[in-house]
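Here are the chains, one letter per residue:
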Amino acid sequence: MSALQWVFLLIAATTLVAAIMVVVGPNLVHAAMWLILALAGVAVFFVLLDAGFLAVVQVAVYIGAIAILIIFAIMLTRHLTADTEPQVTRSWWLAALASMVLFGGLLTMLTQIPTLTVGAPPLPGNPENNVRDLGQALVSLDQYVLPFETASVLLLAALIGSIVIALPPKAARADEAES
Amino acid sequence: MGVVLTDPFGWIGQTLLELLTRLGLQVGAANLVINLLGAVVLGTICMTLGALITWVERKVVARFQDRLGPNRVGPFGLLQPIADGIKLLTKETVTPTGADTIVYNIAPVVMVMSVIGLWAVIPLAPRLIGSDINVGVLYIVSVGGIGTLSIMMAGWASNNKYALLGAFRTVAQLVSYEVPMVLALLIPTLLAGSMGMATIVEQQANVPYIVLAPIAALIFFISSMAEAGKAPFDLLEAESEIVAGYNIEYGGLKFGMFYVGEFLHGFTIAALTAVLFLGGWQGPLAESYPLLGLIYFLAKTSVVYFGVMWVRFSFPRLRIDQLNTFNWKFLTPLSLAVIVVTAVADKWAVQAGLSRVGVLLGANALLVLAIVWLIGAYARSARRRLERTGDKQAAGAHA
Amino acid sequence: MIPLSWYLVFAAALFCIGLYGALARRNSVAIIMGIELMLNAVNINLVAFWRYLSPAFIAGQAFAIIVFAVAASEAAVGLALIISIYRRRSTVVAEDIDMLRW
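Residues numbered from 1 in each chain as written. Chains lettered and ligands numbered in written order. Predicted model: local features only at pLDDT ≥ 70, side-chain atom pairs only at ≥ 80, totals over all residues. Heavy atoms only, no water.

## Thoughts on a negative patch on the surface
As a reminder of what qualifies: Surface patches are defined over residues having more than 30% relative accessible area and no salt bridge, joining like charges when they lie within 9 Å and nonpolar side chains (Val, Leu, Ile, Met, Phe, Trp, Tyr) when within 5 Å. Only the protein chains shown count as cover for residues, and the accessible areas themselves come from Shrake-Rupley with a 1.4 Å probe. Here, a salt bridge means any Lys or Arg side-chain nitrogen found within 4 Å of an Asp or Glu carboxyl oxygen. Counting rule applied: Lys, Arg positive; Asp, Glu negative; His and chain ends not counted. For charged residues, the charge sits on one atom: NZ in Lys, CZ in Arg, CG in Asp, CD in Glu. The way it works is that DSSP assigns letters per residue, a run of H or I at least four long becomes a helix, a run of E at least two long becomes a strand, and they are numbered from the N terminus. Exposure is judged per residue with a 1.4 Å probe applied to protein chains only, and the accessible area is read against the type maximum: over 50% gives exposed, under 20% gives buried, and values in between give partly exposed.
Negative charge collects at one region of the surface, where E128 of chain A together with D132, E202 and E287 of chain B lie side by side. Following the sequence through the fold, E202 of chain B ends up in helix α8 (residues 197-203). What makes E202 of chain B partly exposed here is its relative accessible area of 47%.

## Concerning the interface of chain C and chain A
We count it as follows: Contact criterion: two residues are considered in contact whenever any of their non-hydrogen atoms come within 4.5 Å of each other. The term buried area denotes the loss of accessible surface (1.4 Å probe radius) that occurs when two parts are joined, taken as the sum for both partners. Polar contact is the term for a pair of N or O atoms within 3.5 Å; when the atoms are in protein, one must be able to donate a hydrogen and the other to accept it, and sequence-neighboring residues count only if both atoms are side-chain atoms.
Each partner contributes residues to the interface: chain C has 70 residues there, and chain A has 86 residues. Note on chain C versus chain A: buried area summed over both sides is about 7,000 Å², and carbon and sulfur give 78% of it. The interface formed by chain C and chain A includes 1 salt bridge. Across the pair D50 of chain A and R51 of chain C runs a salt bridge, and its minimum N-O distance is 2.8 Å. Taken together, the connections running from chain C to chain A amount to 5 residue pairs in polar contact (both at pLDDT 80 or more). Going through the elements one at a time, α1 (4-24), α2 (28-53) and α3 (59-89) of chain C are the ones with two or more residues in the side of chain C that touches chain A. With 23 residues, α3 of chain C is the largest single contributor of residues to the side of chain C that touches chain A.

## Re the side chain of S28 of chain C
Among the structural elements, S28 of chain C can be located in helix α2. Reaching out from S28 of chain C, the side chain makes a polar contact with the backbone oxygen of V92 of chain C at a distance of 2.6 Å.

## Brief notes about the arrangement of the chains
Contacts are most numerous between chains A and C, taken over all 2 pairs of chains that touch. With respect to C-alpha atoms, chain B approaches chain C no nearer than 14 Å, and the pair has no contact.

This is the structure:
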């Protein structure tokens, strides 16, 4: 077992334990903290996969924005008794069974396909130009400019939509304007 | 002796490598040990620098306010940070009842970690950089985002509604001011053609980017001061306002960590401005004598940090609605306009074969004139509306 | 040398854990956390396949970036909806939000 394999196993174990604590823990804010650890583990995996730009974007977008948004939402929607109520639905065993069956099926399938046991081929081209190639791919006309522009329209719609949805109702706004 | 002067850091690395391989380690493990040693040295220097910065700040604020500053503990008060440290160490750390102990204890650690992590990508001298990744600029953004998270953790774990409110508002301010900061960070990336910090510094060999993009430098300076929570943007942790905000319940060394972390963050943004816009270690003879490069870097950082302190002690605090208006109605559209203007002007200057400096300076000057005219037009229309209706609120006055 | 199957098995495990979280939890924000785990597993899959099977073809990373954008916008809108629902119903338990008018 080489050092890289030990690193992989360690990070994988950390991320999976953190993910299990996210879905099993009763305290939601603790679950959000574990989610941050899981997202950081995924960022380390991106580094192992030679996708450094994606690792940094993962930290900036997920941990720096989405995780904070989730923590805000948890804190704005708490009840005092929320932590003592049951945290799982009545048929949680069915969900556990379904996910374990799915995982078992995927595991058997993935370990049996021979092409998947390959090691990593060397990276073609200069890894220094990775960011430049990615940038050009996202805006050049014969590559992926259409999904890129669609994603930007989606982000604009999400921005405007979430502001409109989360505005206080009209009565509260009228009260605020008068006072 | 010659190689010590012309490449001191490489010489240090070589001697360490030889020493470690002679002790029996393999080359890979020896390199790992050298990297770890470098990280430890950088972290330690940053933390001691943080303590020194508090002394500098207190002396400078004293001179701005026409008094002397600490001068009792040691020559010129130089041992004052040590005295402060001893005082903070010996205070009783009281954890509030109902506080979430693990999160409460981790929050100051994460904050200091996010500040020291920024030093990993700052090029201190030619060929001396912690980690030369080719996405250094984005790394700065993401590690800055982790600091925001620590404030949320501190505010929530204190089990105190004023701490929580203060944390909410602080996070809102930090997240808002990230937008113009990221947009302003795109300008040196655009001008240098790469996101790697070492490349950005190398590309400033002839002309520093503050000449090519003064508005972007100003936007980055202002928004990163807001990110670091320094005055005039420190409404959220000022003691006379919301009772020190998110760090109410922190005492002793944990408060000391927040305190030093904040001062170090101020120094770090001065270092970042110096690297991205003033040319970092560039200067006469810096390429051949890297120690001179280090001295130039420290000198430029100190000048910018003096500017940070100057602004801090000269302006009154901004209110939260003034903060938000300033960010969303002024800084963000301005930074978007600067990006478009710089990109177009740079491309056109290269294609038309004109001098890059002249074209970009001219474009920035035109943008400044346009902004001044726009602000004047807005003020005129507000005044006309006020005269017409006598309604101060509708005319945009911030009473 | 890390074979591709290790990354895929890890991503499958993360996906199944997120699936359990999305199906079994009562609190809506916890469901969204499960969905984020699933999206991360998908991203790992994409980037692993890019790195191992077609590293010259930048589509894998471009697709992963689009997934980032979609995940961010979905989290923003979903959480805005949850906050709005909490204002009206004072509850975010997904089982209790089952009638459109009351």
